[in-house]
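# A look at the structure
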Amino acid sequence: MPDERDERDPKMLWRWAGRAIRPWIGWVFIGLGALLILLGYLGVSGEAIVAKQIPYLVSGGIGGLFLCIVGAYLLGAEELRKGSGRHDHLERLVEELHAVLLTRPDAPSSDTGIDAAGNGAEPAAVLAVRGGESFHRQGCVMVADKDAEELTLETARSRGLSPCPLCEPASASV
Ligand SMILES: [Zn+2]
């Protein structure tokens, strides 16, 4: 009586069986080949008449050798498959590492033109000390402990203020 569970998806079962058995098929072939050669040898040594040895040589010797070669080929193919699997794995690791290195937060960003410190982007609001001649980014040490007024960049420029050379809230050439 057949097991019904196995008939539900025979393709999956065969695929699974193929994967599980594949590494062993080579050895099975080599073992059978060795067995045939051994039987052929026993047959040959048991037959005194040369003409009667030939069938043993053909089936045992040549058949056994053939099975051994097929087994060795299957083993080699399995090794190659494993090897290429390792190779793919290494390649994927390198790609992932590369991606991680490229997406480091302090890596230069190509599309915004802003580097790690935020230099290059013009802030929407800047700070200016009353009576001073320059404007600053939020958090600049030059205005850290001073009473600074928050302005838009346009207002700071219209007042004739120049960008601080330390925090460089804007390019000085404008
Ligand atoms: Zn500053």
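Right above here is the structure, for reference.
The structure contained in this document is the topic of the report that follows. Computed from a predicted structure; not experimentally measured.

### Considering the overall build of the chain
Each helix and strand in the chain was counted, giving four helices and four strands. Looking at the 174 residues of the chain, the share that counts as buried comes to 20%. Here the analysis covers contacts within the chain between residues at least 6 apart in sequence; of these, 55% occur between residues at least 24 apart. Of the roughly 13,100 Å² of accessible surface on the chain, 64% is carried by carbon and sulfur atoms.

### Regarding the coordination of the zinc ion
Around the zinc ion, the donor atoms from the protein are His 136 (ND1), Cys 140 (SG), Cys 164 (SG) and Cys 167 (SG), and they sit 2.1 to 2.4 Å away. Coordination geometry of the zinc ion: the four donor atoms subtend angles of 97 to 131 degrees at the metal centre, consistent with an arrangement described as tetrahedral. Site description for the zinc ion: donor spacing in sequence, H-x3-C-x23-C-x2-C. Here His 136 matches Cys 140 in class, with each residue buried.

### Looking at the pairing of strand 1 (residues 125-129)
With five bridges connecting them, strand 1 and strand 3 (residues 148-152) associate as antiparallel partners. Note on strand 3: the bridge partner recorded for Val 129 is Ala 148. Across two bridges, strand 1 lies against strand 2 (residues 134-136) in antiparallel orientation. Across the sheet, Leu 127 pairs through a bridge with His 136, a residue of strand 2. Connecting the antiparallel pair strand 1 and strand 2 is a turn made up of four residues, with Gly 131 showing a positive phi of about 85 degrees.

### Re the nonpolar core
The biggest cluster of nonpolar side chains holds eight residues, and these are Val 126, Ala 128, Phe 135, Leu 151, Leu 153, Ala 156, Leu 161 and Ala 170. Leu 127, Cys 140, Cys 164 and Cys 167 belong to the second largest nonpolar core, which has five residues in total.

### A look at the environment of Ser 158
Among the secondary structure elements, Ser 158 is positioned in helix 4 (residues 153-158). Here the side chain of Ser 158 touches Thr 155 through a polar contact of 2.7 Å, landing on its backbone oxygen.

What counts as what
- Residues numbered from 1 in each chain as written.
- Predicted model: local features only at pLDDT ≥ 70, side-chain atom pairs only at ≥ 80, totals over all residues.
- Heavy atoms only, no water.
- Helix = DSSP H or I, 4+ residues; strand = E, 2+ residues; numbered from the N terminus.
- Buried < 20%, exposed > 50% of the residue type's maximum accessible area, 1.4 Å probe, protein only.
- Contact = heavy atoms within 4.5 Å.
- Areas by Shrake-Rupley, 256 points an atom, 1.4 Å probe, with all protein chains shown as cover.
- Donors = N, O, S within 2.8 Å, 3.2 Å for Na, K, Ca; no water.
- Tetrahedral: all angles 85-135°; square planar, octahedral: opposite > 155°, others 65-115°.
- Pairing = 2+ DSSP bridges.
- Core = buried A, V, L, I, M, F, W, Y, C linked by side-chain atoms within 4.5 Å.
- Polar contact = N/O pair within 3.5 Å; in protein donor to acceptor, adjacent residues only side chain to side chain.

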